[in-house]
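What follows is each chain in one-letter form.
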Amino acid sequence: MERIKDSQVIMQIERLGEHYRANISNRFLRPLLLQLQLDKNTWDQIELLTERAEMFRYQGYHFDELYRQIYACARLVEAARTNIIPSLRYKLGMLPTGPDKILREMAASNFGSNLQVFADSLNELYILLVTRDKVSAIKNQPPVYTTMPELVNVGKYLVGY
């Protein structure tokens, strides 16, 4: 199977990872994220996309790997919207306080919009990947995304409907 080494895809993944680490899974919000009911495989896929992009920079990605990672991140977005945002301030208030109270408040105040930026970036990556997938599909073989039924929910998870 062909590997994706497209610079636009790689750059989008790197931006996505930077945003995730700084604004979604930072030291203030990570304890809340880890309370989400996501299985270990989902967390592993999220980590591969958001924190280990350098592993794939030169060797490239397989379409199916990237699709699984995007799907895992989309599940995280949906779970965070449902289980964190409605009670974020309450849950953060339950955590031990310290000298970083203002930074924690800022993280809480901006979490919803940062999660939306993350979801939008994931959606852009997904659309970019589908476009590349269609172009690189071999004659008589469908694009990879059409063979993965779980991807039907990606748009719903990212858009929030």
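Whatever comes next refers back to the structure up there.
Note on numbering: residues in each chain are counted from 1, in written sequence order. Selection of residues for local features in this predicted model requires a pLDDT of at least 70, selection of side-chain atom pairs for listing and counting requires 80 or more, and totals for whole chains, interfaces and linings are taken over all residues. Only hydrogens and water are set aside when side-chain values are computed; all heavy atoms of the structure are taken into account.

Novice: Explanation requested: the overall build of the protein chain in the structure shown.
Specialist: The helix and strand labels rest on DSSP assignments: H or I over at least four residues marks a helix, E over at least two residues marks a strand, and numbering proceeds from the N terminus. If you tally the helices and strands in the protein chain, you get seven helices and two strands. Written out in order from the N terminus, the α and β elements of the protein chain read β-α-α-α-β-α-α-α-α. Dimensions of the protein chain along its principal axes, counting C-alpha atoms only, are 60 × 30 × 25 Å. By definition, residues are in contact when any of their heavy atoms lie within 4.5 Å. In the protein chain, the proportion of contacts linking residues at least 24 apart, taken out of those at least 6 apart, comes to 79%.

Novice: I'm lost on the packing of aromatic side chains in this one. Help?
Specialist: Aromatic ring pairs are described here by two measures, namely the spacing of the ring centres and the angle between the planes. Each pair of aromatic rings taken from Phe, Tyr and Trp, with Trp reduced to its six-membered ring, is defined by centres within 6.5 Å and is described as stacked if the planes are under 30 degrees apart, edge-to-face if over 60, and tilted in the remaining cases. Taken as a whole and assessed by the stated rule, the structure comprises five aromatic pairs. For the pair Tyr71 and Tyr157, a centre-to-centre distance of 6.1 Å together with 40° between the ring planes defines the contact as tilted. A residue pair is termed long-range when its members are at least 10 positions apart, and Tyr71 in helix H4 (residues 63–83) and Tyr157 in helix H7 (residues 154–159) qualify at 86 residues. Take Tyr157: its relative accessible area is 14%, and that puts it in the buried class. Site record: aromatic cluster; members linked through ring pairs are Phe63, Tyr67, Tyr126 and Tyr145. Whether a residue is buried, partly exposed or exposed follows from its accessible area with a 1.4 Å probe, protein chains only, as a fraction of its type maximum: under 20%, in between, or over 50%, in that order.

Novice: Even after reading the chapter, I still don't get the pattern of salt bridges, so can you show me in this structure?
Specialist: Side-chain pairing between opposite charges can occur once the charged atoms of the two side chains come close. One side-chain nitrogen of Lys or Arg within 4 Å of one carboxyl oxygen of Asp or Glu is enough to make a salt bridge. Under the counting rule described, the total for this entry stands at five salt bridges. As a salt-bridge pair, Asp39 and Arg75 come within 3.5 Å of each other at their nearest N and O atoms. Placement of Asp39 in the loop between helix H2 (30–33) and helix H3 (40–51) and of Arg75 in helix H4 is noted, with a sequence separation of 36 residues between them. Across the pair Arg52 and Glu47 runs a salt bridge, and its minimum N-O distance is 2.6 Å. Note on Arg52: relative accessible area 36%, which makes it partly exposed.

Novice: I keep staring at the packing of helix H1 (residues 7–24) against H3 and nothing clicks. Help me out?
Specialist: Each packed pair of helices is defined by two parameters, the angle between the axes and the distance between the axes. Angles run from 0 to 180 degrees between N-to-C directions of axes, and those axes are lines fitted to C-alpha atoms, restricted for helices to the stretch in contact. Packing of H1 against H3 leaves a shortest axis separation of 7 Å and a crossing angle of 115°. As the angle between them shows, H1 and H3 are arranged roughly perpendicular. Between H1 and H3, the contacting residues are Ile13, Leu16, Gly17, Tyr20 and Arg21 on the first element and Trp43, Ile46, Leu49, Thr50 and Glu51 on the second. Any angle between 65 and 115 degrees counts as roughly perpendicular, while under 35 counts as roughly parallel, over 145 as roughly antiparallel, and the rest as oblique.

Novice: What am I meant to see in H1 here?
Specialist: Residues three or four positions apart in an α-helix share a direction because the helix packs 3.6 residues into each turn. Multiplying 1.5 Å by the residue count of a helix minus one yields the expected span of that helix. Taking 1.5 Å per residue as the helical rise, H1 with its 18 residues ought to reach 26 Å, and the 24 Å between its terminal C-alpha atoms agrees with that figure. For H1, the complete set of buried residues consists of Val9, Ile10, Gln12, Ile13, Leu16, Gly17, His19, Tyr20 and Ile24. Where the residues of H1 are buried, they touch strand E1 (3–4), H2, H3, strand E2 (61–62), H4 and helix H6 (101–136). The opening residue of H1 is Asp6, an N-cap whose side-chain oxygen sits 2.9 Å from the backbone nitrogen of Gln8. Pairs of N or O atoms within 3.5 Å make up the polar contacts considered here, provided that, within protein, one atom can donate a hydrogen while the other can accept it, and that residues adjacent in sequence are counted only when both atoms are side-chain atoms.

Novice: Got a minute to help me understand the side chain of Asn114 in this structure?
Specialist: Here Asn114 is to be found in helix H6. Ignoring anything within four residues of it in the chain, the contact list for Asn114 reads His19, Asn23 and Ile24.

Novice: Honestly, the side chain of Ser25 in this entry has me stumped. Any pointers?
Specialist: Looking at the secondary structure, you find Ser25 in the loop between H1 and H2. Under the relative-accessibility criterion, Ser25 is labelled buried at 6%. Residues within four places of Ser25 in sequence aside, it is in contact with Tyr20, Arg30 and Leu33.

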